[in-house]
4 protein chains.
Amino acid sequence: MLLQDLRAEVLEANLELVRRGLVLYTFGNASGIDRDRGLVVIKPSGVSYDELRADHIVVTDLNGKIVDGELRPSSDLDTHLLLYREFPEIGAVVHTHSEYATSFAQAGMPIPALGTTHADYFHGPVPVTASLADEAITGRYVHETGVAIVKHFKEQGIDPLAVPAVLVAGHAPFCWGRTPHDAAHNAVVLEAVARMAYRTLTLRADCGGVSQCLLDRHYFRKHGASATYGQKK
Amino acid sequence: MLLQDLRAEVLEANLELVRRGLVLYTFGNASGIDRDRGLVVIKPSGVSYDELRADHIVVTDLNGKIVDGELRPSSDLDTHLLLYREFPEIGAVVHTHSEYATSFAQAGMPIPALGTTHADYFHGPVPVTASLADEAITGRYVHETGVAIVKHFKEQGIDPLAVPAVLVAGHAPFCWGRTPHDAAHNAVVLEAVARMAYRTLTLRADCGGVSQCLLDRHYFRKHGASATYGQKK
Amino acid sequence: MLLQDLRAEVLEANLELVRRGLVLYTFGNASGIDRDRGLVVIKPSGVSYDELRADHIVVTDLNGKIVDGELRPSSDLDTHLLLYREFPEIGAVVHTHSEYATSFAQAGMPIPALGTTHADYFHGPVPVTASLADEAITGRYVHETGVAIVKHFKEQGIDPLAVPAVLVAGHAPFCWGRTPHDAAHNAVVLEAVARMAYRTLTLRADCGGVSQCLLDRHYFRKHGASATYGQKK
Amino acid sequence: MLLQDLRAEVLEANLELVRRGLVLYTFGNASGIDRDRGLVVIKPSGVSYDELRADHIVVTDLNGKIVDGELRPSSDLDTHLLLYREFPEIGAVVHTHSEYATSFAQAGMPIPALGTTHADYFHGPVPVTASLADEAITGRYVHETGVAIVKHFKEQGIDPLAVPAVLVAGHAPFCWGRTPHDAAHNAVVLEAVARMAYRTLTLRADCGGVSQCLLDRHYFRKHGASATYGQKK
């Protein structure tokens, strides 16, 4: 079976979303990329997580041509592909309709950096894209969703690995990371951060959030060359 | 046993409501119809879900005459019957007091189409009926509940299969679908959509919701001749 | 063992509170009364629910004198006793700090009858007592808690079986019923009703609630001589 | 193995945080102190709770020098150490990012004493520290977090055993107690109290909370020489 290890990692990432309560029925999908071969492995469309096996995972090239697998890929494939093409540092993408993050997406509101839990994972607010124009929606909609994400990150100068998540306006979050494990982990933490941001903002709508200094301190405690969290490797 | 397959489907739909946390104690009920025979199968009244078996399911004709079964049918039978008579496309009805949808019903507020999760299942806002007049409440109350639902859909020109759910003002939701499986699935998604709408509106009360264009795009991605979601059948 | 059946019922009522998520650690207690003998059986104070057995249950007379059992009774015993003395129709009392009902108690707000779920169990708002005066708090505080409850029901002319629950201001709910099973069931439904009232009122603070006509219709559907819900007995 | 009993207690306290849903992934940590030997035992950094064993627990002196154990201690060690040095009555410290307490910390709001559940455990509001200055954040940040906590308690004259919890502004709660069991228990109750305070304040923002008299009554019912709750020991 082609890309057996990556399939297993992508399967595990999909199942982590279920275990953590981020997906209902078949909503949501995770993918990973083998950069050397230029191949993407992704959950098939509309298959129940209970029945999902490694050999159901679909393999495509970076243009979406199916290379291996008998099922249709996730209907969100074209968003994943665009993110892989435009964000060369990332190795995996996760899409869910996790409920609190989706509520911010529906409200068209970014998730501000309100505390250190956020700062440990996201080096700044989790942004929300612009709404898609009707031409984009009626055109290559799934592809255009990726275009809106990439446009926002490029225009705002946001490093996708420093803020590995976005809210698509009126839709739901996409997350990513270096590996399928990291992308799923980021999706789970995003939802926890969104739950806390929701409660913080409904307690105190004018909450300003953490200082740049505290944001830096926590982010770099877990990321980069000077990270001090966890065990030495 | 008469209508054995449909009984099994209706039993399974009732149990899905329990598994998904939509019902407390004996609240809620699901039914299905065999259109060829004009027979409705429905949960009995006040029986615990733990003990519910296929042979407890009651069979009535479209006027509510019991054709098979030793238990009383659900106390909401007359609402189900009216929906079957007036909405000939539907094959199953589900009633729950699922908590977020019920909160909108209690507030007398429709659930607006705030995002794509909603649009994937409901092609427009989930409407709320008018309050029942005292004469309707003291008269054939359960039947009149159905009358209020049908009146709202007809007056507003809403296709019941395109918006397979309603909130009865001051009461709770009714959902439906082509099959018991679909009706229960719609009830589960309605509750998820209601949870997200609640959080969206408490974050931002003036949230306008998705554009008609996005609503159409998502709805028709999962419904109708041009649907692209899931596996080819 | 004295009053073996009632002990078993009271034990089961205590455990139902745990199963339904109404109690944290040792918070909460249920009791029942044998009216013929004038004896009350109640949970012991501060005993873990995991370890609770029928022979831990304490038996007292209506003045709180321990008649059987080696453990101290619940620290809320005197509230239970007063309710038994003043509300002769009731056969069981349940006290929890269930979180949504307690939030209304903390806010000093009654739970209005906002929908039919409420009306099925509570024939009017679930009232909140007056705050206790300092003399009552520093005096026979637990007894005075009962006094405040009874005073409110008598002054407002509320039938304790028609509204089998109260919120003690700044504290938490007490519920009751004809049997330990009913009292626990009422406590579970109260918490569900409080969850929905919380969400309804945060969506729409000016929500007026159901009409008297709908309140009567639902309440008497499940209670009294003309009840039509459930199976004939 | 050094301090075998205390390690077991600290392990158990860490696991109680998981069982009660207070921690996500590796967030959170518990420690305990042996006052006679001046040794602190604490969870290692970034180790999964699933794999955590008593021999993973790290032992340090009160200056943070590792005395036993092969793993790095929790990255929050220096806050624990300062609390042990400055609050000589306490025997254990717990840090979590439990979501409701963290939401208050993010909002920079103390948790007011709104009811008796609060009063049973916390003899006054759970305070929130001042925000740390940039010099403190870029300096010995983890140590300075402890400094901010101790400063607040000393300036406000709060007895750390009477109010065994604090919210660090923009960050999350720290709790403590005489033993690891008590500290974890306080963390669990703090989160329940925060959930109820959140709902109370979103129902009624101007809620004043309980009187000093009721606060005293409940606090001293469970604490001190005149406590009446639970079984005699």
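Please refer to the structure placed before this passage.
All values reported here derive from a predicted model rather than from experimental measurement.

S.K.: Sorry if this is basic, but what is going on with the overall build of chain A here?
M.R.: For chain A, the helix and strand inventory stands at eight helices and seven strands. Taking 17 Å as the expected radius of gyration for a compact globule of 233 residues, we find that chain A reaches 17 Å, a close match to that expectation. Along the three orthogonal principal directions, the C-alpha set of chain A runs to about 50 × 50 × 35 Å. Here chain A holds 233 residues, and the buried ones make up 62% of them. By sequence separation, contacts in chain A at least 24 residues apart represent 64% of the contacts at least 6 residues apart. Accessible surface, chain A: about 8,800 Å² in total, of which carbon and sulfur atoms supply 49%. Of the charged side chains in chain A, 22 are positive and 27 negative, and the gap between their average positions amounts to 6 Å.

S.K.: Looking at this model, I keep getting lost on the interface of chain D and chain A. Mind explaining?
M.R.: Buried accessible area, meaning the area lost when the parts come together, often serves as the stated size of an interface. In this assembly, 32 residues from chain D lie in contact with 35 residues from chain A. Carbon and sulfur atoms supply 54% of the area buried between chain D and chain A, which totals about 3,000 Å² over both sides. At the surface where chain D touches chain A, the tally comes to two salt bridges. Among the ionic pairs, A:R195 bridges to D:E99, the shortest N-O distance being 2.6 Å. Here chain D and chain A share 15 residue pairs in polar contact (both at pLDDT 80 or more) between them. For the side of chain D that touches chain A, the elements supplying multiple residues, two or more each, are α3 (99-107), α5 (134-138) and α7 (180-203) of chain D. With seven residues, the single largest contributor to the side of chain D that touches chain A is α3(D). Classifying every residue of the side of chain D that touches chain A by side-chain character gives 14 nonpolar, 14 polar and four charged.

S.K.: How should the interface of chain C and chain B be read in this particular structure?
M.R.: Residue-level contacts link 35 residues of chain C with 32 residues of chain B. Note on chain C versus chain B: buried area summed over both sides is about 3,000 Å², and carbon and sulfur give 54% of it. Contact with chain B buries surface across chain C, with C:R199, C:L203 and C:Q231 losing the most and accounting together for 22% of the total. For the pair chain C and chain B, the number of links is two salt bridges. Linking chain C with chain B are 15 residue pairs in polar contact (both at pLDDT 80 or more), by the criterion used here. Of all the secondary-structure elements, those providing two or more residues to the side of chain C that touches chain B are α4 (116-121), α7 (180-203) and α8 (212-222) of chain C. By residue number, the principal contributor to the side of chain C that touches chain B is α7(C), which donates twelve residues.

S.K.: Please explain the arrangement of the chains as it appears in this structure.
M.R.: For the non-touching pair chain A and chain C, the nearest C-alpha separation works out to 10 Å. As for chain D relative to chain B, no contact occurs, and the smallest C-alpha gap between them is 10 Å.

S.K.: Looking at this model, I keep getting lost on the relation of the copies chain C and chain B. Mind explaining?
M.R.: One copy of the chain maps onto the second through a rotation around an axis plus a translation along that axis. Least-squares fitting of chain C to chain B yields an RMSD of 0.0 Å, with the superposition described by an axial translation of 0.0 Å and a rotation of 90°. Read as a symmetry element, the transformation amounts to a four-fold axis. Distance from the rotation axis, computed per C-alpha, reaches its smallest value in chain C at C:T202: 5.2 Å. Little of the interface of chain C is mirrored in chain B: 6% of its interface residues are interface residues there too.

S.K.: Sorry, what's going on with the relation of the copies chain D and chain A here?
M.R.: Turning chain D through 90° and shifting it by 0.0 Å along the axis lays it on chain A, with an RMSD of 0.0 Å. In this assembly, only 6% of the residues forming the interface of chain D have copies in chain A that are likewise at the interface, indicating a heterologous arrangement.

S.K.: Is there a simple way to explain the sheet that holds strand β5 (residues 92-95) of chain C in this structure?
M.R.: Across a sheet, paired strands are connected by hydrogen bonds in the backbone, their directions being either parallel or antiparallel. Residues and elements named next belong to chain C. Read from one edge of the open sheet, seven strands run β4-β3-β2-β1-β5-β7-β6, paired in antiparallel fashion. At either end of the open sheet lies a strand with only one pairing partner, and these are β4 (66-68) and β6 (165-167). When the angles between neighbouring strand axes are averaged without regard to direction, this sheet yields 25°. The pairing of strand β1 (residues 29-34) with β5 spans four bridges and is antiparallel. Its bridge partner lying in β5, N29 is registered against H95. Sitting on the sheet, helix α2 (residues 77-86) is in contact with β1, β2 (39-42), β3 (58-61), β5 and β7 (173-177), with an inclination near 40° to β1.

S.K.: Whenever I open this one, the pairing of strand β3 (residues 58-61) of chain A confuses me. Can you help?
M.R.: When a strand is regular, its side chains alternate between the sheet's two faces. All names here are of chain A. Pairing analysis gives four bridges linking strand β2 (residues 39-42) to β3, with the strands arranged antiparallel. Residue pairing for β3: V41 is matched across the bridge by V59. In the sheet, β3 pairs with strand β4 (residues 66-68) via two bridges, with the strands oriented antiparallel. Bridge pairing links V59 to D68 in β4. Counted along the chain from β3 to the antiparallel partner β4, the turn is four residues long, and its residue G64 has a positive phi close to 95°.

S.K.: Sorry if this is basic, but what is going on with helix α2 (residues 77-86) of chain A here?
M.R.: Helical periodicity: at 3.6 residues per turn, an α-helix aligns residues three or four positions apart in one direction. Of all the ten residues making up α2(A), seven are buried; the element is thus mostly covered by neighbouring parts of the structure. For α2(A), every residue scored as buried is listed here: A:L77, A:T79, A:H80, A:L81, A:L82, A:L83 and A:Y84.

S.K.: In this structure, what is going on with the pairing of β1(C)? I would like to understand it.
M.R.: Residue and element names in this part refer to chain C. For β1, the tally of buried residues reaches six of six residues, placing the bulk of the element in the interior. Here β1 shows a buried face lined by N29, S31 and I33 and a second buried face lined by A30, G32 and D34. By the bridge criterion, four bridges tie β1 to β2 in an arrangement that is antiparallel. Of the residues in β2, the one forming a bridge with I33 is V40. Joining the antiparallel neighbours β1 and β2 is a turn of four residues, in which G38 adopts a positive phi near 70°.

S.K.: Whenever I open this one, the packing of helix α7 (residues 180-203) of chain A against α7(D) confuses me. Can you help?
M.R.: Angle between the axes and distance between the axes: these two values describe a pair of packed helices. As a packed pair, α7(A) and α7(D) sit with axes 10 Å apart at the nearest point and diverge in direction by 40°. As judged from the angle between their axes, α7(A) and α7(D) are oblique. For the pair α7(A) and α7(D), the crossing hand works out as left-handed. Between α7(A), through A:Y198, A:R199, A:T202 and A:L203, and α7(D), the contact on the second element is made entirely by D:Y198, D:L201 and D:T202. In terms of residue class, the contact of α7(A) with α7(D) is made up of four nonpolar, two polar and one charged.

S.K.: For this particular structure, what's the right way to read unusual backbone geometry?
M.R.: When glycine is set aside, most residues are seen to have a negative phi, and most peptide bonds are trans. Residue and element names in this part refer to chain C. At Y25, a position not held by glycine, the phi torsion is positive, near 50°. Mapped onto the elements of the fold, Y25 is located in the loop between α1 (4-19) and β1. The buried category is assigned to Y25, whose relative accessible area is 16%.

Cut-offs applied
- Residues numbered from 1 in each chain as written.
- Chains lettered and ligands numbered in written order.
- Predicted model: local features only at pLDDT ≥ 70, side-chain atom pairs only at ≥ 80, totals over all residues.
- Heavy atoms only, no water.
- Helix = DSSP H or I, 4+ residues; strand = E, 2+ residues; numbered from the N terminus.
- Rg over C-alpha atoms; globule rule 2.2 N^0.38 Å.
- Buried < 20%, exposed > 50% of the residue type's maximum accessible area, 1.4 Å probe, protein only.
- Contact = heavy atoms within 4.5 Å.
- Areas by Shrake-Rupley, 256 points an atom, 1.4 Å probe, with all protein chains shown as cover.
- Lys, Arg positive; Asp, Glu negative; His and termini not counted.
- Charge placed at Lys NZ, Arg CZ, Asp CG, Glu CD.
- Buried area = accessible area lost by both parts, 1.4 Å probe.
- Salt bridge = Lys/Arg side-chain N within 4 Å of Asp/Glu carboxyl O.
- Polar contact = N/O pair within 3.5 Å; in protein donor to acceptor, adjacent residues only side chain to side chain.
- Nonpolar A, V, L, I, M, F, W, Y, C, P; charged D, E, K, R; others polar.
- Least-squares fit on C-alpha atoms with pLDDT ≥ 70 in both.
- Pairing = 2+ DSSP bridges.
- Axes fitted to C-alpha atoms, helices over the stretch in contact; angles between N-to-C directions.
- Parallel < 35°, antiparallel > 145°, perpendicular 65-115°, else oblique.
- Left-handed = near helix turned anticlockwise from the far one by under 90°.

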